[in-house]
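Breakdown of the fold
As a plain string of letters, each chain reads:
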Number of protein chains: 2
Amino acid sequence: MSAIGKVYLIGAGPGAQDLITLRGARLLAQADVVLHDALVTDEMLELCPQAEKILVGKRCGQLSTAQQFINKQLVDNARKFPLVVRLKGGDPMLFGRADEELRALEEAGIDVEVVPGITTALAAAATSKQPLTKRGVARSVAFFTSSTAPEHTEHAAIPDTDTLVQYMGGREAAATAERMLAQGRRADTPVLVIENVSRPDQRILRLTIATLAQGLGSTHGPVLVMLGEAMKRRAHQAADIKASTDIAPQRQAS
Amino acid sequence: MSAIGKVYLIGAGPGAQDLITLRGARLLAQADVVLHDALVTDEMLELCPQAEKILVGKRCGQLSTAQQFINKQLVDNARKFPLVVRLKGGDPMLFGRADEELRALEEAGIDVEVVPGITTALAAAATSKQPLTKRGVARSVAFFTSSTAPEHTEHAAIPDTDTLVQYMGGREAAATAERMLAQGRRADTPVLVIENVSRPDQRILRLTIATLAQGLGSTHGPVLVMLGEAMKRRAHQAADIKASTDIAPQRQAS
């Protein structure tokens, strides 16, 4: 059986429908099949009413077997349909298991292209108006996670960049804060915790590493933790909004 | 004089017209004035034919006085027009001097909102099909630059993450490679150098830290350097393309 279709790995961005790229939206509107994560929002899937939509992947931590099943579904669909989209929350190339999917498609001789998406950290920086870099203060930023690979239970070192962004940081945040203190970060380092970035139920919390070490309490969606002196609030910066409206989809300019 | 307008700091993405977000494109089409960097492409400015377009900022390294002039232009225009766009290459919150512009607007009492953009590293990962993270191999990535602040001539330490991405890495790349070797990175660590990401004259080079240390030769546009084991080429990965067509704007699916 020869390959007839092409697969596009597309980043959906953080959730709001209008934070996907023009290219991503156009391809979604042309897709025959869309295989998507649980993190992809319903409003995003409204961009492909014509497509067969297949939910794949788990919300937190995928087992290798699950990934192999996704790989097989991608290959099988590309042998049946001309335009197959693999739609991922955020960006496909950052904590997105893209390596495994690219490898499977290439081994099967199937043409594949990647369309980048707005990764959660950039959407979080935008909605909180808190730049990740700042002249003279923060010249480097690291994105990391403690839970990419369930089989790796030992902790990797926390990066030494000026700004730090922990993806999928909910359960791990307090332990990470303890390790940062042990690695010599100041206890009063400003921290922003953003839950459900860009969605109607978005929440922003301002903490310090010391208060983060006491735990986050209950969270109900994907949590991003941003730390460093760049997270310090500016003198005239507006108060943070608990349920953001300014990053929710906008049909008209306000 | 009271503030009447709102300013949107919008990320244009790496250059291709269809790699801006839907939200960014919609706001561009409604803008009265667009203040843009030299890095913003002509095709991107076609999205705002109705707007007055003002080129601000230098291509490499802005002096503080230049930044203060940009801040003043933003404030002045927001006092004259309802919808002012500040359009930046890549994402505004990553190496974008957003802190200074946000501060100036907030101090003037002007409403401001940030719309994220595809940062160059994610566009480079997409076009090269080389994920920045990889299960079991690369669990963290840092974005850094050596040339954010012209007044800081001392070198900051190079981050210790698994994957490294150096923005504006052209002139600095060889020196950075030397420092990486000194910091204990393996000489055969795979390196990707991508010039003019997403544009018709995009070039991708595969090197190692050892060969990068010998210098890049001449480059003609913004250069991104990506390093780490995650950059290793996959067994069935297609050869890199010197002048990419697959990330150039697409009017139709191919």
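The residue count restarts for each chain, going from 1 along the sequence in the order it is written. To read the labels, note that chains go from A and ligands from 1, taken in the order they are written. Totals for whole chains, interfaces and linings use all residues, but because this is a predicted model, local features are given only for residues with pLDDT of at least 70 and pairs of side-chain atoms are given and counted only at 80 or more. To get the side-chain values, take all heavy atoms of the structure and skip hydrogens and water.

What about the overall build of chain A?
Each helix and strand in chain A was counted, giving seven helices and ten strands. Per-residue accessibility, obtained with a 1.4 Å probe over protein chains only, is compared with the maximum for each type, and a residue is labelled buried under 20%, exposed over 50%, and partly exposed between these values. By residue count, 60% of the 254 residues in chain A fall in the buried class. Contacts: residue pairs with any heavy atoms within 4.5 Å of one another. Relative to all contacts within chain A whose residues are 6 or more apart in sequence, the contacts with residues 24 or more apart total 69%. The Shrake-Rupley method, run with a 1.4 Å probe, gives the accessible areas here. Residue values count only the displayed protein chains as cover. By element, 53% of the accessible surface of chain A is carried by carbon and sulfur atoms, the whole surface being about 9600 Å². Under the DSSP-based scheme used, a helix requires at least four consecutive residues in state H or I and a strand at least two consecutive residues in state E, with every element numbered from the N terminus.

Describing helix H4 (residues 98-107) of chain A
Residues and elements named next belong to chain A. Burial of H4 is extensive: eight of the ten residues sit out of reach of the surface. Along H4, the residues classified as buried are Ala 98, Asp 99, Glu 100, Glu 101, Leu 102, Ala 104, Leu 105 and Glu 106. Once H4 finishes, Gly 109 follows within two positions and takes phi at roughly 75°, a positive value.

Comments concerning the domain arrangement of chain A
All names here are of chain A. Residue ranges assigned to the domains are those given by an automatic or database domain assignment. Its domain assignment divides chain A into domain 1 (6-115) and domain 2 (120-237). Between domain 1 and domain 2, the residue contacts involve ten residues of the former and 13 residues of the latter. Buried area is understood as the total, over both parts, of accessible area removed when two parts are fitted together, assessed with a 1.4 Å probe. Of the roughly 1000 Å² buried at the junction of domain 1 and domain 2 (both faces included), carbon and sulfur atoms supply 65%. Two N or O atoms form a polar contact when they lie within 3.5 Å of each other; inside protein one atom must be a possible hydrogen donor and the other a possible acceptor, and for residues adjacent in sequence the pair counts only when both atoms belong to side chains. Counting across the interface, domain 1 meets domain 2 through three residue pairs in polar contact (both at pLDDT 80 or more). Considered class by class, the residues forming the side of domain 1 that touches domain 2 number six nonpolar, three polar and one charged. Here the nonpolar group is Ala, Val, Leu, Ile, Met, Phe, Trp, Tyr, Cys and Pro; Asp, Glu, Lys and Arg are the charged ones; every other residue, Gly included, is treated as polar.

Some remarks on the pairing of strand S2 (residues 33-36) of chain B
The side chains of a regular strand alternate, first on one face of the sheet and then on the other. Residues and elements named next belong to chain B. Residues of S2 alternate between two faces, with Val 33 and Leu 35 on one and Val 34 and His 36 on the opposite face, all of them buried. Should DSSP find at least two bridges between two strands, the strands are taken to pair. Of the pairings in the sheet, the one linking S2 to strand S3 (residues 52-55) comprises four bridges and is parallel in character. Bridge pairing links Leu 35 to Ile 54 in S3. When S2 meets strand S4 (residues 83-88), the two strands line up parallel, connected through four bridges. What sits directly across from Leu 35, in S4, is Arg 86.

Some details on a negative patch on the surface
Among the surface-exposed residues, Asp160(A), Asp162(A), Asp160(B) and Asp162(B) lie close enough to one another that they form a single negatively charged patch. With respect to the element layout, Asp160(B) can be found in the loop between strand S6 (140-144) and strand S7 (163-166). Given a relative accessible area of 42%, Asp160(B) falls into the partly exposed group. Within the patch definition used here, like charges are joined within 9 Å and nonpolar side chains (Val, Leu, Ile, Met, Phe, Trp, Tyr) within 5 Å, considering only residues with over 30% relative accessible area and no salt bridge. Each salt bridge in this description consists of a side-chain nitrogen of Lys or Arg and a carboxyl oxygen of Asp or Glu lying within 4 Å of one another. Charge assignment in this entry is limited to Lys and Arg as positive and Asp and Glu as negative, and neither His nor the chain termini are counted. By convention, the point assigned to a charge is CZ for Arg, NZ for Lys, CD for Glu and CG for Asp.

So, the environment of Met93(A)
Following the sequence through the fold, Met93(A) ends up in the loop between strand S4 (83-88) and H4. Put simply, Met93(A) and Ser198(A) are 105 residues apart on the chain and 20 Å apart in space, counted from C-alpha to C-alpha. Setting aside anything within four residues of it in sequence, one finds Met93(A) in contact with Ala98(A), Leu102(A), Val114(A), Ala125(B), Ala126(B), Lys129(B), Gln130(B), Pro131(B), Leu132(B) and Thr133(B).

Here's the deal with the nonpolar core
For the purposes of this section, nonpolar cores are sets of buried Ala, Val, Leu, Ile, Met, Phe, Trp, Tyr and Cys residues that join through side-chain atoms within 4.5 Å. Counting residues in hydrophobic clusters, the biggest one holds 78 residues, and the most contacted among them are Leu132(A), Phe143(A), Leu132(B) and Phe143(B). Among the nonpolar cores identified, the runner-up in size contains 32 residues, and Val193(A), Ala213(A), Leu164(B) and Ala213(B) belong to it.

Overview of the sheet that holds strand S9 (residues 203-208) of chain A
Here ten strands make up an open sheet; going across it, the order is S9(A)-S8(A)-S10(A)-S7(A)-S6(A)-S6(B)-S7(B)-S10(B)-S8(B)-S9(B) and the pairing mixed. The open sheet is flanked by S9 of chain A together with strand S9 (203-208) of chain B, the only strands paired with a single partner. Taking each pair of neighbouring strands and ignoring which way they run, the sheet shows an average axis angle of 15°. As paired elements, S6(B) and S7(B) share four bridges and run parallel to each other. Bridge pairing in S7(B) places Phe144(B) opposite Gln166(B). With respect to the sheet, helix H6 (residues 173-182) of chain A is in contact with strand S6 (140-144), strand S7 (163-166) and strand S10 (223-227) of chain A, its orientation differing from that of S7(A) by roughly 155°. The angle between two axes is taken between their N-to-C directions and runs from 0 to 180 degrees, where each axis is a line fitted to C-alpha atoms and a helix contributes only its stretch in contact. Packed on one face of the sheet, helix H5 (residues 120-128) of chain B meets S6, S7, strand S8 (190-195), S9 and strand S10 (223-227) of chain B and runs near 70° to S10(B).

Here we look at helix H1 (residues 22-30) of chain A
For H1(A), the set of buried residues is Arg23(A), Gly24(A), Ala25(A), Arg26(A), Leu27(A) and Leu28(A). Where H1(A) is buried, its residues meet strand S1 (6-11), strand S2 (33-36), helix H2 (42-45), S4 and strand S5 (111-115) of chain A together with helix H1 (22-30) of chain B.

As for empty space enclosed by the protein
A pocket here means an open set of points on a 1 Å grid, computed over the protein atoms alone, that has protein on both sides within 12 Å along at least five of seven lines. A cavity is instead a set of points where a 1.4 Å probe fits but cannot get out; residues with an atom within 4 Å of a point line either one. Grid points are joined across faces, edges and corners, and a volume is the space filled by probe spheres set on the points. A full pass over the atoms with the stated rule returns three cavities of 30 Å³ or more. By volume, the largest cavity is sized at about 60 Å³. Lining of the largest cavity is provided by ten residues; of these, Thr133(A), Lys134(A), Arg135(A), Gly96(B) and Arg97(B) occupy positions nearest its centre. Of the residues assigned to the lining of the largest cavity, the class counts are two nonpolar, three polar and five charged.

Digging into the pattern of salt bridges
Overall, the coordinates contain 28 salt bridges over all chains when judged by the stated rule. Put simply, Arg97(A) and Glu100(A) hold a salt bridge, and the shortest N to O gap is 2.9 Å. We note that Arg97(A), like Glu100(A), is buried. In this structure, Arg234(B) engages Glu106(A) in a salt bridge whose closest nitrogen and oxygen atoms are separated by 2.7 Å. Taken together, the residues span two chains, with Arg234(B) in the segment after S10 and Glu106(A) in helix H4. Assigned by exposure class, Arg234(B) and Glu106(A) land together as buried. Residues joined in a network through salt bridges with shared partners are Asp37(A), Arg86(A), Lys88(A) and Glu101(A).

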